[in-house]
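Chain by chain, the residues run as shown.
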Amino acid sequence: MKIVTFVALAAIGLISCQNHAQQKPTLTEKQSPMQIQNIYQFKVDDLSGNEFDFAQLKGKKVLIVNTASKCGLTPQYKELEAIYQQYQDKGFTVIGFPANNFASQEPGTNEEIGEFCEKNYGVTFPMMSKISVKGDDMHELYQFLTKKSQNGVADSEVQWNFQKYLIGADGQFEKVIGPKTSPSDPEIIDWIKS
């Protein structure tokens, strides 16, 4: 009797395995090949604590920049605001991310940063909540920006405050521009216009 039961169970298991093997496997996200990501997957908080969904930027070119209030490059805020004003109606925007990763040059709270930007530079482009742009606590957006395995273009490291990442109108990473390069440099302006 035990042999008959064993043979019956083995036959059922074999049929079940054959049927399962004949089914086409369905790909889950974990099984799918690496797909290049884009910025539209990200949601962050702005300086006021409101959610900012990058999906609302579809169709726009985006310059993402890590900022600081007490840096020798801080006057770049003025140029960033100028190109934002000039090109915001032409499918372009600037998104600022305050970060305190370099020589503690952004020590303020979100509220203090917002007041500083408005009072000193008249900043109206979207400014996000303070994040980390390098190290173990690097924000996931900056992981995307700095890792070729995620952005599909290049690995990079945020060198200092005011490093610029250029994102195409399709949400794909295109290039990184060094901190000392002026926001109104022809390389950036030509990219915005192209």
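As the structure is a computational prediction, the values presented were derived from the model and not from experiment.

A.B. asks: Help me out: how do you make sense of the sheet that holds strand 3 (residues 61-67) in this one?
C.D. replies: Pairing in this open sheet of four strands is mixed, and the strands run 4-3-5-6 from one edge to the other. One side of each edge strand has no neighbouring strand; the edge strands of this open sheet are strand 4 (92-98) and strand 6 (173-177). Strand-to-strand, the axes of this sheet are offset by a mean angle of 20°, without reference to chain direction. Of the pairings in the sheet, the one linking strand 3 to strand 4 comprises seven bridges and is parallel in character. Bridged to Val65 within strand 4 is Gly96. Helix 2 (residues 76-87) contacts strand 3, strand 4 and strand 5 (164-167) of the sheet and is inclined by roughly 150° relative to strand 4.

A.B. asks: How should I be thinking about helix 6 (residues 186-193) in this particular structure?
C.D. replies: An α-helix turns once every 3.6 residues. As a result, residues three or four positions apart point the same way. For helix 6, the complete set of buried residues consists of Ile188, Ile189, Trp191 and Ile192. Looking down the long axis of helix 6, one finds its buried residues gathered within 160° of arc, a one-sided arrangement. In helix 6, those exposed residues whose orientation departs by more than 90 degrees from the buried face are Pro186 and Lys193. Backbone nitrogen of Glu187 and a side-chain oxygen of the N-cap are separated by 2.8 Å at the start of helix 6; the cap is Asp185.

A.B. asks: Would you take a moment to explain the pairing of strand 4 for this structure?
C.D. replies: One face of the sheet, then the other: side chains in a regular strand alternate in exactly this way. The element strand 4 is largely enclosed, with a buried count of seven among its seven residues. Of the two faces of strand 4, the one carrying Phe92, Val94, Gly96 and Pro98 and the one carrying Thr93, Ile95 and Phe97 are both buried. Crossover connection from strand 3 via helix 2 to parallel strand 4: handedness right-handed.

A.B. asks: Would you mind showing me how to read the pattern of salt bridges here?
C.D. replies: Side-chain pairing between opposite charges can occur once the charged atoms of the two side chains come close. As enumerated under the stated definition, the model contains two salt bridges in all. For the salt bridge of Glu157 with Lys134, the shortest nitrogen-to-oxygen distance reads 3.8 Å. Of this pair, Glu157 sits in the loop between helix 5 (148-151) and strand 5 while Lys134 sits in the loop between helix 3 (110-121) and helix 4 (140-146); the two residues are 23 residues apart in sequence, bridging distant segments of the chain. We note a salt bridge from Glu187 to Lys175, for which the minimum N-O separation is 3.4 Å. Taken together, the residues Glu187 in helix 6 and Lys175 in strand 6 connect sequence positions 12 residues apart.

A.B. asks: Before we go on, may I ask you to explain the confidence of the model for the protein in this structure?
C.D. replies: Residues of the protein with pLDDT of at least 70 account for 81%, and the chain-wide mean is 87. The low-confidence segment residues 3-33 (pLDDT under 50) makes one contact with residues lying over four places distant or belonging to another chain.

A.B. asks: Please clarify how the packing of helix 2 against helix 3 should be interpreted in this entry.
C.D. replies: Interaxial distance between helix 2 and helix 3 falls to 10 Å at its minimum, and their mutual angle equals 80°. Between helix 2 and helix 3, the crossing angle belongs to the class labelled roughly perpendicular. Residues Tyr77, Lys78 and Glu81 of helix 2 lie in contact with helix 3, whose contacting residues are Phe116, Cys117 and Tyr121. In terms of residue class, the contact of helix 2 with helix 3 is built from four nonpolar, no polar and two charged.

Cut-offs used in this document
- Residues numbered from 1 in each chain as written.
- Predicted model: local features only at pLDDT ≥ 70, side-chain atom pairs only at ≥ 80, totals over all residues.
- Heavy atoms only, no water.
- Pairing = 2+ DSSP bridges.
- Helix = DSSP H or I, 4+ residues; strand = E, 2+ residues; numbered from the N terminus.
- Axes fitted to C-alpha atoms, helices over the stretch in contact; angles between N-to-C directions.
- Contact = heavy atoms within 4.5 Å.
- Buried < 20%, exposed > 50% of the residue type's maximum accessible area, 1.4 Å probe, protein only.
- Arc of directions from axis to C-beta.
- Polar contact = N/O pair within 3.5 Å; in protein donor to acceptor, adjacent residues only side chain to side chain.
- Right-handed = clockwise from strand over helix to strand, strands pointing away.
- Salt bridge = Lys/Arg side-chain N within 4 Å of Asp/Glu carboxyl O.
- pLDDT = per-residue confidence, 0-100.
- Parallel < 35°, antiparallel > 145°, perpendicular 65-115°, else oblique.
- Nonpolar A, V, L, I, M, F, W, Y, C, P; charged D, E, K, R; others polar.

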